[in-house]
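Now for the letters of each chain:
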Amino acid sequence: MTTLLFKNARLMDPELRLDAPGDLLVMDGRIAALGQGLNAPDGARVVECCGAVLAPGLVDVHVHFRDPGQTHKETLETGCRAAAAGGFTSVITMANTKPAIDSPEAVRDCLERSRETDCRIHPAAAVTKGLSGRELTDFQALAEAGAVAFTDDGMTVGDGALFFDAMTRAAALGLPVSVHCEAPGFEGDRSMNRGDISEKLGLEGTLALAEELMIQRDLLFAEKSGAHVHVQHVSTGRGVEMIAEAKARGVHVTAEATPHHMALDETAVLKYGPNAKMSPPLRTPEDAEAICTALMEGVLDVVATDHAPHTPQEKARGMKDAPNGIIGLETSLAVCLEELCHKRGFPLTELLDRMSAAPRRAFHLPPVNLRHGSTADLVLFDPERRWIVDAAKFQSKSRNCPFDGWCLRGAVLMTVLGGREVYELDS
Ligand SMILES: [Zn+2]
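Residues numbered from 1 in each chain as written. Predicted model: local features only at pLDDT ≥ 70, side-chain atom pairs only at ≥ 80, totals over all residues.

A.B. asks: It is not clear to me how the overall build of the protein should be interpreted in this structure. Could you clarify?
C.D. replies: The helix and strand inventory of the protein stands at 13 helices and 15 strands. In terms of overall dimensions, the protein has C-alpha extents of about 65 × 45 × 45 Å along its principal axes. Out of the 427 residues in the protein, the part that is buried amounts to 57%. (Helix = DSSP H or I, 4+ residues; strand = E, 2+ residues; numbered from the N terminus. Buried ≥ 20, exposed ≤ 12 C-beta atoms within 10 Å, placed from the backbone.)

A.B. asks: Sorry, what's going on with the packing of helix α12 (residues 332-344) against helix α13 (residues 348-362) here?
C.D. replies: To characterise two packed helices, one gives the angle between the axes of the helices and the distance between these axes. Remark: α12 packs on α13, axes separated minimally by 11 Å, with the N-to-C direction vectors making an angle of 135°. It follows from the interaxial angle that α12 and α13 lie oblique. Two packed elements cross with a definite hand, and for α12 against α13 that hand is right-handed. Across the interface between the two elements, L333, C336, L337, L340 and C341 from α12 touch L348, L351 and M355 from α13. Here the residues of the contact of α12 with α13 are counted per class, giving eight nonpolar, no polar and no charged. (Axes fitted to C-alpha atoms, helices over the stretch in contact; angles between N-to-C directions. Parallel < 35°, antiparallel > 145°, perpendicular 65-115°, else oblique. Left-handed = near helix turned anticlockwise from the far one by under 90°. Contact = placed C-beta atoms within 7 Å. Nonpolar A, V, L, I, M, F, W, Y, C, P; charged D, E, K, R; others polar.)

A.B. asks: Could you clarify how one ought to interpret the sheet that holds strand β9 (residues 177-179) in this entry?
C.D. replies: Backbone hydrogen bonds hold the strands of a sheet together, and the pairing may be parallel or antiparallel. Taking strand neighbours across the sheet as the criterion, the four strands line up as β9-β10-β11-β12 in an open arrangement whose pairing is parallel. At either margin of the open sheet sits one strand with a lone partner, and together these are β9 and β12 (302-303). Pairing analysis gives two bridges linking strand β11 (residues 253-257) to β12, with the strands arranged parallel. Across the sheet, E256 pairs through a bridge with V302, a residue of β12. (Pairing = 2+ DSSP bridges.)

A.B. asks: How should the environment of G130 be read in this particular structure?
C.D. replies: On the secondary structure map, G130 appears in the loop between β8 (120-123) and α3 (139-145). Considered as a pair, G130 and A222 are 92 residues apart in the sequence and their alpha carbons are 23 Å apart.

A.B. asks: Before we go on, may I ask you to explain the pairing of strand β6 (residues 58-63) in this structure?
C.D. replies: As a general feature of sheets, a regular strand has side chains that alternate between the two faces. Among the six residues in β6, six count as buried, and that is most of the element. Examined bridge by bridge, β6 and strand β7 (residues 88-93) share four bridges and lie parallel to one another. By the bridge assignment for β7, L58 is matched with F88. Handedness of the crossover is the feature at issue here: the chain leaves β6, passes through helix α1 (residues 76-85), returns alongside β7, and the resulting connection is right-handed. (Right-handed = clockwise from strand over helix to strand, strands pointing away.)

A.B. asks: What is the right way to read the domain arrangement of the protein from this model?
C.D. replies: You'll often see interface size given as the accessible area lost when the parts meet. Structurally, the protein comprises domain 1 (4-54 + 372-424) and domain 2 (57-362). One C-alpha centre belongs to domain 1, the other to domain 2, and the line joining them spans 26 Å. Across the contact, 30 residues belong to domain 1 and 44 residues belong to domain 2. Every element with two or more residues in the side of domain 1 that touches domain 2 is listed here: β13 (378-388), β14 (407-417) and β15 (420-424). Per-element accounting of the side of domain 1 that touches domain 2 gives the leading share, seven residues, to β14. Grouping the amino acids of the side of domain 1 that touches domain 2 by side-chain chemistry returns 18 nonpolar, six polar and six charged. (Domains from an automatic or database assignment.)

A.B. asks: How should I be thinking about unusual backbone geometry in this particular structure?
C.D. replies: Across residues other than glycine, the phi torsion is negative in most instances, and most of the peptide bonds are trans. In this model, K98 is joined to P99 through a cis peptide bond whose omega is 0°. Position of P99 relative to the elements: it lies in the loop between β7 and α2 (104-113).

Here's what the structure looks like:
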């Protein structure tokens, strides 16, 4: 394994409240030294950082890698390459593969196949068998196999009594339940936000109320059961308020904001069509602003992409019939830097908290920090470097990205996983 010496970096770790210039030495997969003027051991590769930020690798707690079942869209391998290109060293994969991750064997298979990939995979397991919403999976066995959370993401479990039972079981195991909130019966045609624009386009759309109803139910369930509920991809300002209220009364809740719900609103549908179609949909400009504010204030805890690969053929079916979801791993950091740090003055260390430290804490992933002896999962990025998004060059197998062609400020230069260079920007 290479010995790596990062020279003249801006060392940044939100957990250690560290933001200082320095060098960092990686040996045998771990951080071997930090400081000023470190000398390169024999055979070391020296990386001149020119003041770029070196930080613990990013974590995305919500991705879809389509493997097994739809490997023409993404595989564990290509998904992990996309993650590495985005600066991520750990991801949590959702359970809605084909077949679903609803058995200990499926969890073990995923972990086994991800041993050599360019990013660590932590699988979430299904709440119900086959994501049918009818019969609970064996939480204990799934946890023992290595599942880090339970979720039927994409599908809300409509049977309240069954889902309350699920929460109670998850509470006993101390693992989070990650919820996609959309009230069955209220989802409309799931094409976009229901409002003036959907009306103009002749689409039925989905009410914000569908999401808010279920957020409220799941917060009440978490309160009563003592479970940790993680609310996925919050898209409405009212949803944010309900989460803030629940936190204030001591409910164990964490929640995520996606880059697209912060950078875009429902008007993006007019410009990008189905590449701006996801669930929950892009809402109003006021909602997008509320999501940004909530993430900056910590009401929403983490950034997550909901990376959801689909083929161009599927996305060509139009707003009504194209599948929901966009990819996001390779643009997440830059979009967040642009929207939050450059536009709104959000401190860089705080953004790194939302993108690495907070997700690790929320899902009990092994800690990574800039300390002697820590696992060398690192990202090196230049927060000022401008680049033009070219979806054709993505590591992901898919191209469904509304940010294609955008000029963004903030670029990943290098990603290191356990001391191994897994990504490097061509320059
Ligand atoms: Zn979802």
